[in-house]
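Notes for the structure review
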Amino acid sequence: MFGENLLIGQKKVKIDGKNRIYLPPFTKAEKNDEIALINKIDTTGYPYIKLYLIKKYKEIAEKLKKLQENATSVEEYIQYEQKIIDICSYIDAVLKVDSQRRVLIPQDIMATNRWQYRDSLICEGKGNFLIIR
């Protein structure tokens, strides 16, 4: 499953005509894996995306929900609610891996990052996430 083990490696990947990219073998991506996409810009103004296993976000949200249920004050309850909202707001899209280990990059992200003019990107494993630039 994508991201369950450390993501270590680097590979150039092609973008097909439908905005899909193949996830490199080192990601261990499998059909129907759900991946959180976070669109970012580095300090030089260059766009990239980070991909995380969505399961990790769901686990954090569930832990916060349990803490929220045991809150001892309205203020504490609201603080947990805000943390859940903050975590969810980081995610720009949820991608689903297809049977050929591809993910579809949403059109708005392709346009924002100006990737529709490119034919390949670089995937870099960074431990618990994947960077694509």
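Figured I'd write up the structure that's included with this text. (Residues numbered from 1 in each chain as written. Predicted model: local features only at pLDDT ≥ 70, side-chain atom pairs only at ≥ 80, totals over all residues. Heavy atoms only, no water.)

**A short note on the pairing of strand 5 (residues 93–96)**
To keep things clear, this is the line we draw: Relative accessibility decides the category of a residue: with a 1.4 Å probe and only protein chains considered, values under 20% of the type maximum give buried, values over 50% give exposed, and everything between is partly exposed. Put simply, DSSP H or I for four residues or longer makes a helix, DSSP E for two residues or longer makes a strand, and each gets a number counted from the N terminus. Pairing between strands is defined by DSSP: at least two bridges between them are needed.
Alternating residues of strand 5 divide into A93 and L95, all buried, and V94 and K96, none buried. One ladder, built from four bridges, connects strand 3 (residues 34–41) with strand 5; its direction is antiparallel. Of the residues in strand 5, the one forming a bridge with I35 is L95.

**A look at helix 1 (residues 54–69)**
Test applied: Expected span, for any helix, means 1.5 Å times one less than how many residues it has. Each C-beta atom gives one direction from the helix axis, and the arc is the one those directions make.
With 16 residues, helix 1 should reach 22 Å at 1.5 Å per residue; the first-to-last C-alpha distance of 23 Å fits that figure. Inspection of helix 1 places I54, Y57, A61, L64 and Q68 among the buried residues, and these make up the whole buried set. On an axial view of helix 1, the arc spanned by its buried residues comes to 90 degrees, and they lie on one face. Looking at helix 1, the residues exposed on the side facing more than 90 degrees away from the buried face are K63, K66 and E69.

**Details of the pairing of strand 7 (residues 120–127)**
Counting buried positions over the eight residues of strand 7 gives six, a clear majority of the element. Sheet topology note: the strand 7/strand 8 (residues 130–132) ladder contains three bridges and is antiparallel. Bridged to E124 within strand 8 is I131.

**A look at a nonpolar patch on the surface**
So the rule is basically this: The patches described consist of residues with a relative accessible area above 30% and no salt bridge, like charges being joined within 9 Å and nonpolar side chains (Val, Leu, Ile, Met, Phe, Trp, Tyr) within 5 Å. Each accessible area is a Shrake-Rupley result for a 1.4 Å probe, and residues are judged covered by the shown protein chains and nothing else. Any Lys or Arg side-chain nitrogen found within 4 Å of a carboxyl oxygen on Asp or Glu counts as a salt bridge.
A surface patch of nonpolar side chains, about 310 Å² in accessible area, is lined by V74, Y77 and I78. A relative accessible area of 58% means that V74 is categorised as exposed.

**Some thoughts on the pattern of salt bridges**
A full pass over the atoms with the stated rule returns seven salt bridges. For the salt bridge of K126 with E124, the shortest nitrogen-to-oxygen distance reads 3.6 Å. Under the relative-accessibility criterion, K126 is labelled partly exposed at 41%. Take E124: its relative accessible area is 16%, and that puts it in the buried class.

**Some points on the sheet that holds strand 1 (residues 7–14)**
Sheet strands line up and pair through hydrogen bonds in the backbone, either parallel or antiparallel. Where we set the bar: In this description, a line fitted to the C-alpha atoms serves as the axis of each element, helices being fitted only across the stretch in contact, and the angle between N-to-C directions of two axes falls anywhere from 0 to 180 degrees.
Taken together, the six strands give an open sheet; going across it, the order is 1-7-8-4-3-5, and neighbouring strands pair in antiparallel fashion. Two strands close off the open sheet at either side, each with one partner strand: strand 1 and strand 5. For this sheet, the mean inter-axis angle between neighbouring strands, taken without regard to orientation, is 25 degrees.

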